[in-house]
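One-letter residues, chain by chain:
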Amino acid sequence: MLIFKLLSALLDYPDDALLAELRREVAQAGSALTLVENLDEQGLLSAENHLGVAYVIDYLLDNEATVVQANYVQTFDLTPEHSLHLTHHIFGEEKTRGPALIDLTEYLKSYGYQHDEKELPDFLPLMLEFVSELAVDEARVFLGDAGKVLGVIADNLDKVASPYARLIGVVNQFGSLVKLAA
């Protein structure tokens, strides 16, 4: 599911290599929206969600790299209520967070997924990279389990008018569809 690889990249730090790759891909596709539509080959997201993802791509490409990089750091690294480390929102820095991280690592390994040991397994871009390798139903269940936390992060980002709120909302909406079907 290429769309989740894109979401993973967009929620990770917007380094110069990512921005250059995005610029190339958008130029090749003709627009950010067309790129998003092309990468959603299975039609997993709504047209409204496509627009939201394209909006973030345009935001990243229409601003200076240093501006979007500084905004990313301010948004996700310096503001705890926006953290992309999902267990932080449940456990904070309590000792009980450790076992949850170990359990998540073991879960990822049970699927044969190996991640960079420097990154915690609850980092949302890493989790979306993992989701991109799952079947659609498994992806919905996996993200559905994170729905409450994703909703909190999206609300917090929305309160400060962050463009990233749209991305978290897209991920949350995809996962929440499993709850509606249950």
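Up top is the structure.
This write-up is about the structure you can find in this document.

What counts, and at which threshold
- Residue numbers run consecutively from 1 along every chain, following the written order of its sequence.
- Only residues with pLDDT of at least 70 get local features here, since the model is predicted, and only at 80 or more are side-chain atom pairs given and counted; chain-wide, interface and lining totals rely on the full set of residues.
- Excluded from the side-chain calculations are hydrogens and water; all other atoms, namely the structure's heavy atoms, are used.
- Among the buried residues, those of types Ala, Val, Leu, Ile, Met, Phe, Trp, Tyr and Cys that are joined through side-chain atoms within 4.5 Å form a nonpolar core.
- Working definition: with a 1.4 Å probe on protein chains only, accessible area under 20% of the residue-type maximum means buried, over 50% means exposed, and in between means partly exposed.
- Note on definitions: a residue-residue contact is assigned when non-hydrogen atoms from the two residues lie within 4.5 Å.
- Interaxial angle, 0 to 180 degrees, is taken between N-to-C directions of lines fitted to C-alpha atoms, where a helix line uses only the stretch in contact.
- A helix here means a DSSP run of H or I that spans at least four residues, while a strand means a run of E at least two residues long, and both kinds are numbered starting from the N terminus.
- Roughly parallel means an angle under 35 degrees; roughly antiparallel, over 145; roughly perpendicular, 65 to 115; everything else is oblique.
- If you view the pair so one helix is near and one far, a crossing is left-handed when the near helix is turned anticlockwise from the far one by less than a right angle, and right-handed when it is turned clockwise.
- Under this grouping Gly is polar, as are all residues other than the nonpolar Ala, Val, Leu, Ile, Met, Phe, Trp, Tyr, Cys and Pro and the charged Asp, Glu, Lys and Arg.
- Whenever Lys or Arg places a side-chain nitrogen within 4 Å of a carboxyl oxygen from Asp or Glu, that contact is recorded as a salt bridge.
- In summary, the pairing rule links any two rings of Phe, Tyr or Trp, Trp by its six-membered ring, whose centres are within 6.5 Å, and it sorts them by plane angle into stacked for under 30 degrees, edge-to-face for over 60 and tilted for everything else.
- Only lysine NZ and arginine CZ atoms are considered, and such an atom sits over a ring when it is within 6 Å of the ring centre and within 35 degrees of the ring normal.
- Arc definition: directions from the helix axis to the C-beta atoms.

**A short note on the nonpolar core**
Moving on, step 1. The biggest cluster of nonpolar side chains holds 56 residues, and the ones touching the most others in it are Phe4 and Ile57.
Moving on, step 2. Not counting the four nearest positions on each side in its chain, Phe4 is found in contact with Leu44, Leu128, Val131, Ser132, Leu143 and Phe174.

**Quick notes on the packing of helix α1 (residues 2-11) against helix α4 (residues 47-62)**
Moving on, step 1. Relative to each other, α1 and α4 sit at 40°, their axes nearing to 11 Å. In terms of axis orientation, α1 runs oblique to α4. Crossing geometry of α1 relative to α4 is assigned as left-handed. On the side of α1, the interface is formed by Leu6, Leu7 and Leu10, while α4 contributes Val53, Ile57 and Leu60.
Moving on, step 2. Partitioning the contact of α1 with α4 into residue classes produces 6 nonpolar, no polar and no charged.

**Focus: the pattern of salt bridges**
Note that side chains of opposite charge can pair when their charged atoms are close.
Moving on, step 1. Scanning the entire structure with this criterion turns up 3 salt bridges.
Moving on, step 2. A salt bridge links Glu21 to Arg24, with the nearest nitrogen and oxygen atoms 2.7 Å apart. Taken together, the positions of Glu21 and Arg24, both in helix α2 (residues 16-29) and 3 residues apart, correspond to about one turn of that helix.
Moving on, step 3. Between Asp122 and Arg97 there is a salt bridge, and its shortest N-O distance comes to 3.2 Å. Of this pair, Asp122 sits in the loop between α7 (97-110) and α8 (124-131) while Arg97 sits in helix α7, and the two are 25 residues apart along the sequence. Neither Asp122 nor Arg97 differs from the other in exposure class; each is buried.

**Describing unusual backbone geometry**
Backbone geometry follows two general trends: most residues other than glycine have a negative phi, and most peptide bonds adopt the trans configuration.
Moving on, step 1. Of note in this structure, Ala161 is not a glycine but carries a positive phi near 55°.
Moving on, step 2. Checked against the element boundaries, Ala161 lands in the loop between α10 (147-159) and α11 (164-181).
Moving on, step 3. According to the relative accessible area criterion, Ala161 is exposed, its value standing at 65%.

**Observations concerning the environment of His50**
Moving on, step 1. Its place among the elements puts His50 in helix α4.
Moving on, step 2. Each C-alpha atom of the pair His50 and Ala32 lies 9.3 Å from the other, and the pair is 18 residues apart in sequence.
Moving on, step 3. Contacts of His50, omitting those with residues within four sequence positions, involve Leu33, Val36, Glu37, Asp40 and Leu45.

**Some points on the packing of aromatic side chains**
Moving on, step 1. Using the criterion set out here, one finds 12 aromatic pairs in the structure.
Moving on, step 2. Considering the side-chain rings of Tyr111 and Phe130, the 5.4 Å spacing of their centres and the 80° angle between planes classify their relative orientation as edge-to-face. One end of the pair, Tyr111, is in the loop between α7 and α8; the other, Phe130, is in helix α8, and 19 residues separate them in sequence.
Moving on, step 3. When its relative accessible area of 2% is taken as the criterion, Phe130 is described as buried.
Moving on, step 4. Across the ring face of Tyr55, the terminal group of Arg166 is positioned such that the distance to the ring centre comes to 3.7 Å.

**Looking at helix α3 (residues 32-39)**
Each α-helix turn comprises 3.6 residues. Residues three or four places apart therefore point the same way.
Moving on, step 1. Of the residues making up α3, those classed as buried are Ala32, Leu35 and Val36. Across the axial projection of α3, the buried residues extend over an arc of 95°, all falling on one side.
Moving on, step 2. Lining the buried residues of α3 we find α1, α2 and α4.

**Quick look at the environment of Tyr72**
Moving on, step 1. With respect to the secondary-structure elements, Tyr72 resides in helix α5 (residues 65-77).
Moving on, step 2. For Tyr72, a relative accessible area of 3% puts it in the buried group.
Moving on, step 3. It is 9.0 Å that separates the C-alpha atoms of Tyr72 and Tyr164, two residues lying 92 residues apart in sequence.
Moving on, step 4. Discounting chain neighbours no more than four positions away, the residues touching Tyr72 are Leu11, Asp12, Tyr13, Pro14, Asp77, Leu84, Phe123 and Tyr164.

In short, geometric facts, not functional conclusions.
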